[in-house]
Amino acid sequence: MALLDFKCNDCGEKFFEIVSASEKDKIKCPKCGGKDIIQVFEGSSSFGSGSSKISSAPRRGG
């Protein structure tokens, strides 16, 4: 299962679904019910704030 972003070519609605690879082509638009759907790759992550911090603390034990 994967969380994938989609866009409906009929109405322009962007949405996400949790789907398996075998169900990907069965997705319908939740707004208009259209089946002309494409998978889009958004720059932001749905699983976090999108920022990460790296500690600059010195290592112990050299």
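Residues numbered from 1 in each chain as written. Predicted model: local features only at pLDDT ≥ 70, side-chain atom pairs only at ≥ 80, totals over all residues. Heavy atoms only, no water.

**Student:** Give a description of the sheet that holds strand β3 (residues 37-40) that names residues and reports values.
**Tutor:** Taken in spatial order, the three strands make up an open sheet running β2-β1-β3, and their pairing is antiparallel. Unpaired on one side and paired on the other, β2 (14-19) and β3 mark the two borders of the sheet. Strand-to-strand twist in this sheet, taken as the mean axis angle between neighbours without regard to direction, amounts to 45°. Across four bridges, the pairing between strand β1 (residues 2-8) and β3 is antiparallel. Note on β3: the bridge partner recorded for Cys8 is Ile37. (Pairing = 2+ DSSP bridges. Helix = DSSP H or I, 4+ residues; strand = E, 2+ residues; numbered from the N terminus. Axes fitted to C-alpha atoms, helices over the stretch in contact; angles between N-to-C directions.)

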